[in-house]
Amino acid sequence: GENVEQHPSTLSVQEGDSAVIKCTYSDSASNYFPWYKQELGKGPQLIIDIRSNVGEKKDQRIAVTLNKTAKHFSLHITETQPEDSAVYFCAASRADNFNKFYFGSGTKLNVKP
Amino acid sequence: NAGVMQNPRHLVRRRGQEARLRCSPMKGHSHVYWYRQLPEEGLKFMVYLQKENIIDESGMPKERFSAEFPKEGPSILRIQQVVRGDSAAYFCASSPRDRIYEQYFGPGTRLTVT
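Now for a look at the structure at hand. (Residues numbered from 1 in each chain as written. Chains lettered and ligands numbered in written order. Predicted model: local features only at pLDDT ≥ 70, side-chain atom pairs only at ≥ 80, totals over all residues. Heavy atoms only, no water.)

1. A few points about the overall build of chain A
Operational definition: In DSSP terms, a helix is any run of H or I states spanning at least four residues, a strand is any run of E spanning at least two, and both are numbered starting from the N terminus. For a compact globule the rule gives 2.2 Å times the number of residues to the power 0.38, and the radius of gyration it is set against comes from C-alpha atoms. A simple rule labels every residue: compare its accessible area, found with a 1.4 Å probe on the protein chains alone, to the largest value its type can have, and call it buried under 20%, exposed over 50%, or partly exposed in between. Pairs of residues are marked as contacts when any of their non-hydrogen atoms sit within 4.5 Å. Using a 1.4 Å probe, the Shrake-Rupley method yields the accessible areas, and only the shown protein chains count as cover for residues. The sign given to each residue is positive for Lys and Arg and negative for Asp and Glu; His and the chain ends receive no count. All charge positions are set by atom: Lys at NZ, Arg at CZ, Asp at CG, Glu at CD.
Regarding its fold elements, chain A presents zero helices and 11 strands. Ordered by position from the N terminus, the helices and strands of chain A form the series β-β-β-β-β-β-β-β-β-β-β. Expected size for 113 residues packed as a compact globule is a radius of gyration near 13 Å; at 13 Å, chain A falls within 12% of this value. Along the longest, intermediate and shortest principal axes, the C-alpha atoms of chain A span 45 × 30 × 20 Å. For chain A, the proportion of its 113 residues judged to be buried stands at 46%. In chain A, the proportion of contacts linking residues at least 24 apart, taken out of those at least 6 apart, comes to 54%. Counting every atom, chain A has about 5,500 Å² of accessible surface; 46% of that belongs to carbon and sulfur. The distance from the centre of the 13 positive side-chain charges to the centre of the 13 negative ones in chain A is 4 Å.

2. Some details on the pattern of salt bridges
Residue and element names in this part refer to chain A. Under the convention used in this document: Each reported salt bridge corresponds to a side-chain nitrogen of Lys or Arg within 4 Å of a carboxyl oxygen of Asp or Glu.
Evaluation of the coordinates by the stated rule reveals 11 salt bridges over all chains. The closest approach of N and O atoms between Arg94 and Asp27, which form a salt bridge, is 2.8 Å. With Arg94 in strand β9 (residues 86-94) and Asp27 in the loop between β3 (19-25) and β4 (30-38), this pair connects stretches of sequence that are 67 residues apart. Judged by relative accessible area, which is 18%, Asp27 ranks as buried. Asp84 is the partner of Arg61 in a salt bridge, and the nearest nitrogen-oxygen pair spans 2.9 Å. Residue Arg61 is located in the loop between β6 (56-59) and β7 (62-67), and its partner Asp84 is located in the loop between β8 (72-77) and β9; the two are separated by 23 residues in the primary sequence. Taking relative accessible area as the criterion, Asp84 reaches 7% and is therefore assigned buried. A network of salt bridges, in which partner residues are shared, links Lys37, Glu39 and Lys42.

3. Quick notes on the sheet that holds strand β1 (residues 4-7) of chain A
Residues and elements named next belong to chain A. Condition: Should DSSP find at least two bridges between two strands, the strands are taken to pair. Working convention: axes come from line fits to C-alpha atoms, limited for helices to the stretch in contact. Angles between N-to-C directions cover 0 to 180 degrees.
Strand order in the open sheet made by the five strands is β1-β3-β8-β7-β6, with antiparallel pairing throughout. The open sheet is flanked by β1 and β6, the only strands paired with a single partner. Each adjacent strand pair in this sheet contributes to an overall mean axis angle of 15°, direction not counted. Two strands pair when backbone bridges link them, and β7 and β8 are joined in this way by six bridges, in the antiparallel orientation. Each bridged residue has a counterpart across the sheet, and for Val64 the counterpart in β8 is Leu75.

4. Description of the packing of aromatic side chains
Residues and elements named next belong to chain A. To be explicit about the condition: Any two rings among Phe, Tyr and Trp, with Trp reduced to its six-membered ring, count as a pair given centres within 6.5 Å; such a pair is stacked if its planes are under 30 degrees apart, edge-to-face if over 60, and tilted if neither.
Under the criterion given, the structure shown has 15 aromatic pairs over all chains. Relative to Phe73, the ring of Tyr25 lies with its centre 6.0 Å away and its plane at 55°, an arrangement referred to as tilted. Of this pair, Tyr25 sits in strand β3 while Phe73 sits in strand β8, and the two are 48 residues apart along the sequence. The buried category is assigned to Phe73, whose relative accessible area is 0%.

5. So, the nonpolar core
Where we set the bar: By convention a nonpolar core is built from buried Ala, Val, Leu, Ile, Met, Phe, Trp, Tyr and Cys residues, the set being connected through side-chain atoms within 4.5 Å.
Counting 24 residues, the largest nonpolar core has A:Trp35, A:Phe73, A:Leu75, A:Tyr88 and A:Leu109 as its most contacted members. Elements supplying a minimum of two residues to this core: β2 (10-14), β3, β4, β5 (45-51), β7, β8, β9 and β11 (107-112) of chain A. Setting aside anything within four residues of it in sequence, one finds A:Leu75 in contact with A:Ala19, A:Val20, A:Ile21, A:Trp35, A:Ile47, A:Ile48, A:Ile62, A:Ala63 and A:Tyr88. B:Met60, B:Phe69, B:Ile79 and B:Ala88 belong to the second-largest nonpolar core, a separate cluster that totals 23 residues.

Here it is, written out as structure tokens:
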């Protein structure tokens, strides 16, 4: 089955700096890669996603890049703010089995004011 | 449009009791998923259901765990004879029929087995 690895497990940045979180996956058939933000005591919230026919997608301060050959994808947050502090999860799934998301182990992002 | 609803938010059970977790999907969503999250870990897929059908239960333990999504009412995840290792956060997600790859999560039920 699919194996998703996520790094780093914790990340501390100064407010205004950029943050990058990286994930690798093992199943070359995976073609949908969402990112979720989870705040303490809450459920994961979908923040951005990318499909395998696209190399990059951007939404305001958040961007995701995908390298299908290397089987890795990354989340980029620019101009970080204290409210970006949370745990971020990447996930992967495949078109013939969209129901099954494989999640990374999470990155705890701390944005220091 | 209300999001995915889960209740209870917190549930405490003694070893050997039954735990029943409920999930109401977003309006218009007909696909429901259950995930389990252990402390400091990512979410692990358990089961995928559509109305009155279990589509994929490959992530759910064969014993003591069951799930349903009846024609009327919420989806239910049932854990019989709970053990301490069942203590975790259980999340439900739902997706719309025309975009099943988008999963929207509820706030979770935190189960503690004493």
